[in-house]
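Residue strings, one per chain:
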Amino acid sequence: GSTFMVKLPVTNRAVFVEQGFSEAGEPWKAPAAKQPVKPSGEETDGYHILLVEDNADVVEYLTACLQGAVDREGRPYVLDFAYNGQAGIDKALETVPDLIVSDVMMPMKDGFEVVETLKNDERTSHIPIILLTAKADVQSRLSGLRKGADAYLSKPFHQEELLVTVSNLLETRKKLQLKYQQNVLAPVVSGEVAQDQEDS
């Protein structure tokens with residue numbers, strides 16, 4: 001028996017942004033990133049994160065969450081974007097980012113196909129991938145994890161949850177890189193010492 005009245009103020013001063021698909025079939029694209037995008041082959045001080053997402057609102061939210069954020073050592077996140085699964089695969093192979101955040105439900109190729117393709121390619125198999133989905137059921141999570149996803153976040157997710165997940169995955173990857181570097185360098189150093197002893 002309750003009655004509610006909702007008043008929504010409308011003005012003509014708001015900036016109009018056309019959303020949806022263009023005549024060429026291309027999805028809506030977010031405004032240019034306010035952070036510099038890491039050019040292919042160019043080194044930067046930040047971590048290169050590729051966002052693969054076709055929903056404009058989610059792209060804006062991910063950008064707001066990650067923009068200005070830094071890892072535990074103060075390194076910033078440099079964002080790049082792809083607006084469907086196939087474009088995400090192509091860009092990942094081209095730029096080899098440090099981490100990928102991908103939606104599950106997308107045109108052309110879904111997030112599961114993105115994970116499967118990149119994890120089975122030696123050029124990108126080492127890249128941590130976070131899957132985003134509105135499906136929170138166990139079966140959907142298992143499908144993503146079985147294909148090689150490193151983490152799974154259910155929409156809607158909290159900014160801090162995303163930042164902690166990103167930071168943990170990057171930190172783990174960094175530790176693995178250091179460990180492998182030490183393992184590779186150790187035998188070389190030992191061999192050089194042994195050779196020096198023989199020469200003397």
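Provided above is the structure to which this section pertains.
Residues numbered from 1 in each chain as written. Predicted model: local features only at pLDDT ≥ 70, side-chain atom pairs only at ≥ 80, totals over all residues. Heavy atoms only, no water.

*Asks:* Looking at this structure, how should I read the overall build of the chain?
*Replies:* Within the chain one finds 5 helices and 5 strands. Split into buried and exposed, the 200 residues of the chain put 38% on the buried side. The long-range fraction of contacts in the chain, counting pairs at least 24 apart against all pairs at least 6 apart in sequence, stands at 67%. If you sum the accessible surface of the chain, you get close to 12,600 Å²; carbon and sulfur atoms cover 53% of it. (Helix = DSSP H or I, 4+ residues; strand = E, 2+ residues; numbered from the N terminus. Buried < 20%, exposed > 50% of the residue type's maximum accessible area, 1.4 Å probe, protein only. Contact = heavy atoms within 4.5 Å. Areas by Shrake-Rupley, 256 points an atom, 1.4 Å probe, with all protein chains shown as cover.)

*Asks:* Looking at this model, I keep getting lost on the nonpolar core. Mind explaining?
*Replies:* With 25 residues, the main nonpolar core has Ile49, Leu66, Tyr77, Ile130 and Val166 as its most contacted residues. Grouped together as the second largest cluster of nonpolar side chains are 17 residues, Leu50, Val104, Met106 and Ala149 included. (Core = buried A, V, L, I, M, F, W, Y, C linked by side-chain atoms within 4.5 Å.)

*Asks:* Is there a simple way to explain empty space enclosed by the protein in this structure?
*Replies:* Over the atoms rolls a probe the size of a water molecule, and its path tells where empty space is left. Considering all chains together, one arrives at 1 cavity of 30 Å³ or more under this definition. Forming the boundary of the largest cavity are Tyr47, Asp71, Arg72, Ser167, Leu170 and Glu171. The element contributing the most residues to the lining of the largest cavity is helix α5 (residues 159-199), with 3 residues. Each residue belonging to the lining of the largest cavity can be placed in one class, and the counts come to 2 nonpolar, 1 polar and 3 charged. (1 Å grid on protein atoms, 1.4 Å probe; cavity = no way out; pocket = protein on both sides within 12 Å on 5 of 7 lines; lining within 4 Å. Points joined across faces, edges and corners; volume = space filled by probe spheres on them. Nonpolar A, V, L, I, M, F, W, Y, C, P; charged D, E, K, R; others polar.)

*Asks:* Where do I start with the pairing of strand β4 (residues 129-133) in this structure?
*Replies:* A regular strand places its side chains on the two faces of the sheet in alternate fashion. Of all the 5 residues making up β4, 5 are buried; the element is thus mostly covered by neighbouring parts of the structure. Because side chains alternate across β4, one face comprises the buried residues Ile129, Leu131 and Thr133, and the other comprises Ile130 and Leu132, equally buried. Note: strand β3 (residues 99-103) against β4, 4 bridges, orientation parallel. By the bridge assignment, Ser102 is partnered in β4 with Leu131. One crossover worth recording links β3 to the parallel β4 by way of helix α3 (residues 111-119), and it is right-handed. (Pairing = 2+ DSSP bridges. Right-handed = clockwise from strand over helix to strand, strands pointing away.)

*Asks:* Where do I start with the packing of helix α2 (residues 85-95) against α3 in this structure?
*Replies:* What describes two packed helices is the angle between their axes and the distance between those same axes. At their nearest, the axes of α2 and α3 sit 9 Å apart, and the two run at 25° to each other. When the axes of α2 and α3 are compared, the pair comes out roughly parallel. For the crossing formed where α2 meets α3, the hand is right-handed. Of the residues in α3, those in contact with Gly85, Ile89, Ala92 and Leu93 of α2 are Glu113, Val114, Thr117 and Leu118. Residues of the contact of α2 with α3, tallied by class, amount to 5 nonpolar, 2 polar and 1 charged. (Axes fitted to C-alpha atoms, helices over the stretch in contact; angles between N-to-C directions. Parallel < 35°, antiparallel > 145°, perpendicular 65-115°, else oblique. Left-handed = near helix turned anticlockwise from the far one by under 90°.)

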